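# Descriptive structure summary
This is what each chain is made of:
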Amino acid sequence: MKYYPVHSGYPPYAGVNPAIEAAFAEHGRGSVQMPPKVYVTFDESGDFRTMPAYLPALGIAGVKIVNVHPHNRARGLPTVMALTVIIDVETGAPRAIINATELTAMRTGAAGAVAAKYLAPRQSITLGVVGAGRQAEALVEATAAALTIEEIRVWSRTEKSAEAFAARYSDYNARSVPIERACDCDVLATTTPSTEPLVMADWVHEGTHINAIGADAPGKQELDPAILLKAEVFVDDPGQAIHSGEVNVPTSTGLYDPGRIAGTLGEVVTGKKTRSSPDAITIFDSTGLAIQDLAIAALVLGNGDGYELPFP
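All figures in this text were calculated on a predicted structure; none of them were measured in a lab.

Further remarks concern the side chain of K64. Assignment of secondary structure puts K64 in strand 4 (residues 60–68). Separated by 2.9 Å, the side chains of K64 and T104 make a polar contact. In this structure, K64 is in contact with R49, T50, M51, A82, L83, T84, A100, T104, R107 and D293, ignoring residues within four places of it in sequence.

Bringing the layout of surface pockets into the picture now. Computed from the structure, the largest pocket encloses a volume of approximately 1,000 Å³. If you go around the largest pocket, you meet 40 residues; those closest to its centre are T79, V80, R134, Q135 and T191. Elements that contribute at least two residues to the lining of the largest pocket include exactly strand 3 (46–55), strand 4, helix 2 (101–119), helix 3 (134–144) and helix 4 (159–168). Top contributing element to the lining of the largest pocket by residue count: helix 2, with 6 residues. Here the lining of the largest pocket is built from residues that sort into 12 nonpolar, 17 polar and 11 charged. Here the second largest pocket is characterised by a volume of approximately 260 Å³. For the second largest pocket, the lining is made up of 16 residues, of which T41, G46, D47, A217 and K220 are closest to its centre. The element best represented in the lining of the second largest pocket is strand 3, accounting for 3 residues. Residues belonging to the lining of the second largest pocket are distributed by class as follows: 6 nonpolar, 5 polar and 5 charged.

Now for the pattern of salt bridges. Per the stated rule, a full pass over the model turns up 16 salt bridges. For K117, the salt bridge identified is with E21, shortest N-O distance 3.0 Å. Taken together, the residues span a long stretch of sequence, with K117 in helix 2 and E21 in helix 1 (residues 13–28) at a distance of 96 residues. For E21, a relative accessible area of 16% translates into the label buried. A single network of salt bridges, built from pairs that share partners, joins E151, R153, R175, R181 and D184.

On to the sheet that holds strand 12 (residues 232–235). One key point about sheets: their strands pair by backbone hydrogen bonds, in either a parallel or an antiparallel sense. Spatially, the 8 strands line up as an open sheet ordered 9-8-7-10-11-14-12-13, and their pairing is parallel. Across the chains shown, the open sheet's two edge strands, defined by having one partner strand only, are strand 9 (174–176) and strand 13 (263–264). In this sheet, strand 14 (residues 282–285) lies alongside strand 11 (residues 209–212) in parallel orientation, the contact comprising 4 bridges. When the bridges of strand 14 are listed, I210 appears paired with I283. Of the strands in this sheet, strand 7 (124–130), strand 8 (148–155) and strand 9 touch helix 4, which is tilted by about 170 degrees from strand 9.

About the cut-offs
Residues numbered from 1 in each chain as written. Predicted model: local features only at pLDDT ≥ 70, side-chain atom pairs only at ≥ 80, totals over all residues. Heavy atoms only, no water. Helix = DSSP H or I, 4+ residues; strand = E, 2+ residues; numbered from the N terminus. Polar contact = N/O pair within 3.5 Å; in protein donor to acceptor, adjacent residues only side chain to side chain. Contact = heavy atoms within 4.5 Å. 1 Å grid on protein atoms, 1.4 Å probe; cavity = no way out; pocket = protein on both sides within 12 Å on 5 of 7 lines; lining within 4 Å. Points joined across faces, edges and corners; volume = space filled by probe spheres on them. Nonpolar A, V, L, I, M, F, W, Y, C, P; charged D, E, K, R; others polar. Salt bridge = Lys/Arg side-chain N within 4 Å of Asp/Glu carboxyl O. Buried < 20%, exposed > 50% of the residue type's maximum accessible area, 1.4 Å probe, protein only. Pairing = 2+ DSSP bridges. Axes fitted to C-alpha atoms, helices over the stretch in contact; angles between N-to-C directions.

Right, here's the structure in full:
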């Protein structure tokens, strides 16, 4: 068994995006095993989740353990940290343990890029960003590998964070703007841990595609439910979305009927579903799938850079 710290270099998005797209295609064909993720909650501090899956197309199986602790920055720790354990399909023996903290951000960013590739109204876009943390960075970088970004409009609760984010992405004409202005875009990425809607329906114009990333646990939401009611909502997995995605709160309060879900990203990638018209507002409700973790883990394993660990 090997341990992969993955500090010697991460796979480029030019490889990650296609790998994640292929994983979603397998999901759309029903060719994966992936039980719903399991949550363990620590009162007010955060939670951790276990995410098992088997991706036969790659001959890879395993489980990711990932935490979300929103107050970790004050402790000098990442909000999200993760380990992926890869299991040998033939014997059940552990093949590898992978530091998946950065990989988690990357595979989530790649999912948003894949969604935008298929659902964005055009291939040259203005990108709006709500939230300026690590996940927002991953979304920008992954999207830049899929589409042409002409301009980035970023908003954060802390103006200093938004300005620093804009400075990092000055090559894409990035600038800090009010949240209403950030929502005036072709593709909008929301990446906050909010439990109250931040993006209002009146701010989103026809044809916009939204990557709703932040809601990944019960009680979280970033979008005005009125947006969901006039949009075509595509999810990564229906069960997970209803439990913990952007639609979870409006569904639990009776404001949104999950029967309105337009389809899954896997169905979009395989051509079974698409946006109905250029003027439609589309939403990708991303909760994060274990098969994404396996797909990016396969890239890491292919690099062959790891430390031998004795087992058993």
